[in-house]
Amino acid sequence: MNGIFISLEGPDGAGKTSVLEAMLPKLEKLNREIVSTREPGGNRVAEEIRQIILNPEHKEIDAKTELLLFVAARRLHLQSKIIPALEAGKMVIVDRFIDSSVAYQGFGRDLGVAAVSWLNQFATDGLKPDLTLYFDIDTDVALERIRKYRSNEMNRLDLEQAEMHQKVRKGYLEIVKKEPDRFVTIDASKPLENVITDSLAVITDRFFGLSK
Ligand SMILES: Nc1ncnc2c1ncn2[C@@H]1O[C@H](COP(=O)(O)OP(=O)(O)OP(=O)(O)O)[C@@H](O)[C@H]1O
Ligand SMILES: Cc1cn([C@H]2C[C@H](O)[C@@H](COP(=O)(O)O)O2)c(=O)[nH]c1=O
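From a predicted model like this one, the values you see are computed outputs, not experimental measurements.

In a beta sheet, neighbouring strands pair by backbone hydrogen bonds and run either parallel or antiparallel. Strand order in this open sheet of five strands is S2-S3-S1-S4-S5, and the pairing throughout is parallel. Where the open sheet ends on each side, the last strands, each with one partner, are strand S2 (34-38) and strand S5 (183-187). Put simply, the sheet's adjacent strands are angled 20° from each other on average, direction ignored. Judged from the four bridges that link them, strand S1 (residues 4-9) and strand S4 (residues 131-136) form a sheet pairing that is parallel. Bridge pairing in S4 links Ser7 to Thr132. Lying over the sheet, helix H1 (residues 16-28) contacts S1, S2, strand S3 (91-95) and S4, oriented at roughly 170° with respect to S2.

Structural data, given as structure tokens:
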């Protein structure tokens, strides 16, 4: 596969989606076809699974069921969208991928890194992003952003206790340490314009030999 695979990771409210939207038109000008997608979701059936997982009324979904649903959606997404785009030489940028499972289900839900990593390996046949931007932010600041701007559309995970979100962030920090070549940490507490500039600089520098 000669495409480029990039994932964006971080706690809820870190700003990944805002940054991705802002980067896209700029990256598209650099002469490579970009596929922007997200997890859970990215194809018709996976988007249906997304609705099931994130629905705050679905209180009977336990931690293991949640993990299996995320991983099933990932397999669908990978097969139908990510792999074909990478095979066609495109740049794929995904808002969340395997590291979300490890941070949220492995650390946040205490299912453990080993089981979650094994399932991901099974579902993805070991495919990992070439680059992962990790948007790091204090849990309270991120949760405040969500409460302030998105209070009417909080999903089942957003509504979890602060303690779970703290475990997720701690998990991310451990994951990042283990693969220093794949991860670049972005300071997501900066003003949005700066976070966009910093993220673009990492991608253009690494894959286009430019820093603007
Ligand atoms: N750097 C920033 N400074 C202040 N507000 C921000 C910043 N980045 C994003 N926001 C705001 O915070 C909210 C959450 O941002 P966004 O949805 O992009 O985060 P996210 O990481 O995609 O979150 P989630 O994973 O929960 O969907 C939005 O209302 C957005 O406008
Ligand atoms: C892929 C994936 C996601 N999650 C969580 C992370 C978020 O709380 C939601 C997705 O909502 P977003 O607004 O699109 O960020 O799902 C998870 O727990 N495990 C995963 O594998």
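Still to come is the rest of the account.
Attention now moves to the UniProt feature "binding site: ATP" (unreviewed entry) in the chain. According to UniProt, the feature "binding site: ATP" (unreviewed entry) maps to Gly10, Pro11, Asp12, Gly13, Ala14, Gly15, Lys16 and Thr17 in the numbering used here. Relative to the helices and strands, Gly15 resides in the loop between S1 and H1. Once residues within four sequence positions are removed from consideration, Gly15 is found in contact with Phe135, Ala188, Leu192 and Val195. Along the chain, Lys16 falls in helix H1. Looking at Lys16, the number of C-beta atoms within 10 Å reads 24, which means it is buried. Ignoring anything within four residues of it in the chain, the contact list for Lys16 reads Leu8, Gly10, Asp95 and Phe135.

Core analysis: the largest hydrophobic core is formed by 46 residues, its most contacted members being Ile6, Val92, Ile93, Ala103 and Phe135. Examining the composition of this core, we find that eight residues originate from one element, helix H3 (residues 63-87), more than from any other. Filtering out sequence-adjacent residues up to four positions away, Val92 remains in contact with Gly3, Phe5, Ile6, Val35, Thr37, Ile82, Ala85 and Leu86.

Here we come to the site of ligand 1. Lining the immediate environment of ligand 1, one finds 15 residues, of which Asp12, Gly15, Thr17, Ser18 and Tyr149 sit closest. Its residues assigned to classes, the shell around ligand 1 shows five nonpolar, five polar and five charged.

It is worth spelling out the site of ligand 2 at this point. The environment of ligand 2 is formed by Asp12, Arg38, Glu39, Pro40, Phe70, Arg96, Ser100, Ser101, Tyr104, Gln105, Asn155 and Leu157. When residues in the shell around ligand 2 are grouped by element, the largest group, four residues, is from helix H4 (residues 98-108). The residue makeup of the shell around ligand 2, split by class, is four nonpolar, four polar and four charged.

Attention now goes to the packing of helix H2 (residues 44-54) against H3. Where H2 contacts H3, the two axes come as close as 9 Å, and the packing angle between them is 160°. Between H2 and H3, the angle falls in the class roughly antiparallel. At the point where H2 passes H3, the crossing takes the left-handed sense. Facing H2, whose interface residues are Val45, Ala46, Ile49, Arg50, Ile52 and Ile53, H3 presents Glu66, Leu69, Phe70, Ala72, Ala73, Leu76 and His77. For the contact of H2 with H3, the per-class residue count stands at 10 nonpolar, one polar and two charged.

Cut-off values and rules
Residues numbered from 1 in each chain as written. Chains lettered and ligands numbered in written order. Predicted model: local features only at pLDDT ≥ 70, side-chain atom pairs only at ≥ 80, totals over all residues. Pairing = 2+ DSSP bridges. Helix = DSSP H or I, 4+ residues; strand = E, 2+ residues; numbered from the N terminus. Axes fitted to C-alpha atoms, helices over the stretch in contact; angles between N-to-C directions. Contact = placed C-beta atoms within 7 Å. UniProt positions renumbered as here; feature names shortened; annotations may be inferred. Buried ≥ 20, exposed ≤ 12 C-beta atoms within 10 Å, placed from the backbone. Core = buried A, V, L, I, M, F, W, Y, C linked by C-beta atoms within 7 Å. Near = placed C-beta within 6 Å. Nonpolar A, V, L, I, M, F, W, Y, C, P; charged D, E, K, R; others polar. Parallel < 35°, antiparallel > 145°, perpendicular 65-115°, else oblique. Left-handed = near helix turned anticlockwise from the far one by under 90°.

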